[in-house]
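Chain and residue survey
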Amino acid sequence: MVQLLGKKDTGDWVNIDLSQNLAISLNRAIEEIEDITQRRSGYSKTFVLPGTDNNEKFFASAFDVNVTDFNSSLLVDCLIQEGGNDIFRGTMRLNKIFVTPNGNNYEVYILEDITSVSTALQDFTLCDLDYSDIDHEVDYDNIISTWNFSGGSYDTYSGITGKVLYPLCHTGYDSDLGYGEWNFGASGLTNSGSPLSISQFKPWFNAKYILDKVFDKVGFSYNSEFFNSNYFKSLFVLGGSNDTSATATIGDRPENQNFFNVSYEGSEYYYPPPTNLTQYEYIVFNTEEYDYLQQYTLSDFPDSGPGTGQNFYLVPIDGTYQFRVKQTAYLRGSVYAPTYINVVLRNIDTGAVRDSILNVVIPVGSPTTYNWLFSASLTQGERVAIQFNRVTTAGDPYNQVGFNQQESIYESYVSPSIVTTIGDIKVSDNLMCMTGLDYLKNMLNLFNLTTITDGERTLKIEPYVNYLSTQSGSTLDWSNKLDYSQSYEIEPLDYSLNQKLNFKYTLGTDYLSQRHFENFDKIFGERVYQKQSKLLTGELDIQIGFESMPCDAVGNSGTTMVIPSLYRYEPEQTIQYQPISNGMKIGFYCGLVPFYTASTDTSMTNYYIQSGGTSSISHTYYPAINHLSQLTNDNDFSDLNFQPSWDFFKSKADFEIYTENNIYRQFYKQYLDVLYSDDARLFTGKFKLTPEDIGNINFNDTVYFLNSAWRLYQIQDGDITEESIVTCKFLKEPYELGKITFVPPNYTEQSVTRPPTPSPTPSPVVCNSHNFYLSFNQEDVCNQTAPISGLYSNCSTISAGCKVYTDSGCITPLNVGRFVYPTSEPSSSYVYVVTDTNGTLAESLCS
């Protein structure tokens, strides 16, 4: 006997009375082969429930039903059982009320949970989520702490580590903020005097952390080996949606914190006659008005003096500084002539005078107030102080010189810009405010994931390939359920599929994404799948809402620092590298990568970041974010591109960039090979099914009938109240799918300290002066014995020893100027990158 149960707001399940002849029909599907980006779910047609006393109480409570109205926006959890077994779990919505002389009847329809969660996910954006658990001040210590993530779940780390990441990325230069330039020159990040500022870091957020926030918001959970894999846990999404080079924060911090203002408060103090006129004395300051970087050391008289190391300013960064000193001075005791002094800005360690005001006269009589201005080019780490000494010009150099607090100010008013803290993070201003549904859909489409109900308010989410593999489902025999008295259809899939599938990210607005598109007329990392068939037509874009993310290397050949470039290049502007607002990007955190500046290095190189302490801090490992899971010299890594793609850093950094573990080959290839196989078939027929049959079958089950193995594709109008004849569609797949093996970042291997391989020995083969990047269909290039017409136009002949890179690795041309493509490769579209033997790539394009 079929029972319908509804869940009250108290959490209790209650029986709902059914009409005697009620039939509830259900459609079920998880995929749409005409559009593989669509995820399907089960749903029912509307049906009417009687207005019994029991039902009246339930609807009055669950849907706020009164005499004239009800709440049409509510969804109530429901469950259909037969013989105590769950055959459907979902939500119920009240559609309308029929008022009759004999009482009310209620028209409802029910939806599987995946449909209801989709509706709920549309009602908020990522910016609406609660991020109070990652509130933090954006300063050096917190930025560096995020680099400690080394895989695993974000919630096993303390603080913000694992949830937030501040990797190295070129975010452009804000003209009103201090920064280190992304080069190895005098103003570059490898110079301790021009370190990177914390205003050059934007936050990335752990992809799973955001996903969990989304599910928590709607009160759902998920079961997913994939989302719980180290592969997915190592993914971060860019939160750089503001158009500055820095993190969006709340607070009123000054744009430049390299300023101080100190004064003297207390009793007057004076200096007795010196033993010699070369002796320098400190002008003392003991009170801080502000010192954002805490670089000024105060002292009281007479605690300062030569060798005491008191009362000085520690220069935090190279550059030009200007200071103002306002001071009131006088002569103490019975005096008959003025005293002349030199006031200097002086290095207290070396004695070098950086600037001076000479022959300042302190007259006989009342105290005199002075304004002294100093300007100097200072070096990071210098300790400088305001001092004076006596001179032997007219007057008495041996008078007692005194100072009082009437006017005592020492301040910096021009200095190189430094930001050590820019306030508390404002997450909502750093994130792209896409809806929770769009965020989930982007993940589903990128990794070709299926979503099905898995208990009360829980979804099972896995890659299609894994879910449909024969290792994951049950085996059922429906031979006696097929209605042989009615006709059935068996047809190839060629009539239903699109001929061409375009897998691509959204085109990024950053410089490298735009440059790649201009050069190659394609979005970085995209792939075109095309079935060579005269029967198929149409094309479908599998468009991912995340932006493409090419990367470049900092410096020259041999460098190992590879970073995304998140700026717009404006060569006519004073600041050529302009910060921009980026869309959401996704990348692997590769971990801390050893930093070398050249292939001949035998030890790592220092780069510097400005700290809130005394000076910039040196580092030899940098936090790398990339579309590759690892920067390495072998192929054991993953790629978030849909196919191996030449990247800008390859011409400088000696890292391998081609791997078979790309998004298409791992998450789509097996699935499409099955669907597009010439042997694939679609079966449509009638089956005699019970409610248990409909409720118990899964789409990853292997079903036997007609002496063949099939996979369920669709159930149409399956009655879940009694046994009935149901139309079902099945797919016959020519071979079994195998589970995906994910290759996450190897943080231990990535951080191994080792110099890069020196330049090739013997010298590399000299190849054609123009390297190129081309796409052709398989039938155009397979088994060629002569150069393809136009293939080498505007390019010189390929020399022996040059390499051809494909999505399956590197092959060597069999003949100079031509090659034979491996015939074992089943793909139908390829990209070729021709390089010389050391992997060097020019940036020119041959058409």
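Our structure's up above, just so we're on the same page.
Now for a look at the structure at hand. (Residues numbered from 1 in each chain as written. Predicted model: local features only at pLDDT ≥ 70, side-chain atom pairs only at ≥ 80, totals over all residues. Heavy atoms only, no water.)

1. Here we look at unusual backbone geometry
In the segment running from F301 into P302, the intervening peptide bond is cis, with an omega of 5°. Assignment of secondary structure puts P302 in the loop between β19 (296-297) and β20 (312-314). Backbone geometry at N359 places phi at a positive 60°, although glycine is not the residue there. Along the polypeptide, N359 turns up in strand β23 (residues 353-362). (Helix = DSSP H or I, 4+ residues; strand = E, 2+ residues; numbered from the N terminus.)

2. Considerations on the state of the cysteines
Counted by the stated rule, this structure contains one disulfide. Paired by a disulfide, C127 and C433 hold their sulfur atoms 1.8 Å apart. Looking along the S-S bond of the C127-C433 disulfide, the torsion reads about -95°, which is the left-handed sense. In this pair, C127 sits in the loop between α2 (113-121) and β9 (137-139) while C433 sits in the loop between β27 (421-425) and α6 (436-446), placing the two residues 306 residues apart along the sequence. Taking the relative accessible area as the measure of exposure, C433 reaches 45% and is therefore partly exposed. (Disulfide = S-S within 2.5 Å. Buried < 20%, exposed > 50% of the residue type's maximum accessible area, 1.4 Å probe, protein only.)

3. Things to note about the environment of L165
Structurally, L165 can be placed in strand β10 (residues 164-165). Counting along the chain gives 71 residues from L165 to F236, while the straight-line C-alpha distance between them is 7.7 Å.

4. Focus on helix α9 (residues 663-675)
A rise of 1.5 Å per residue sets the reference length of α9, with its 13 residues, at 18 Å; its end C-alpha atoms lie 18 Å apart and thus fit the reference within 8%. Considering bend angle alone, the principal kink of α9 is centred on K669 and spans about 50°. Most of α9 sits out of view: twelve of its 13 residues are buried. Within α9, the full set of buried residues consists of I663, Y664, R665, Q666, F667, Y668, K669, Y671, L672, D673, V674 and L675. The residue sitting at the N-terminus of α9 and contributing the capping side-chain oxygen is N662; that oxygen lies 3.2 Å from the backbone nitrogen of Y664. (Expected span 1.5 Å × (residues − 1). Bend = angle between axes of the 7 residues up to and from the residue. Polar contact = N/O pair within 3.5 Å; in protein donor to acceptor, adjacent residues only side chain to side chain.)

5. Side note on the pattern of salt bridges
As enumerated under the stated definition, the model contains 17 salt bridges in all. As a salt-bridge pair, D212 and K208 come within 3.0 Å of each other at their nearest N and O atoms. Remark: K208 and D212 occur in helix α4 (residues 207-218); sequence separation between them is four residues, near one turn of the helix. The burial state of D212 is the same as that of K208; both residues are buried. Put simply, E547 and K585 hold a salt bridge, and the shortest N to O gap is 3.1 Å. (Salt bridge = Lys/Arg side-chain N within 4 Å of Asp/Glu carboxyl O.)

6. Structural notes on the sheet that holds strand β42 (residues 621-626)
Read across the open sheet, the five strands follow the order β10-β11-β13-β39-β42; overall the sheet is antiparallel. This sheet does not close on itself; its edge strands, each paired only once, are β10 and β42. Direction of pairing for β10 relative to strand β11 (residues 204-206): antiparallel, over a ladder of two bridges. Counted as the bridge partner of L165 is W204 from β11. (Pairing = 2+ DSSP bridges.)

7. Re the side chain of S645
Tracing the backbone shows S645 in the loop between β42 and α9. Of the polar contacts made by the side chain of S645, one reaches the backbone oxygen of Q643; its length is 3.0 Å.

Interpretation in functional terms is not warranted from these geometric data alone.
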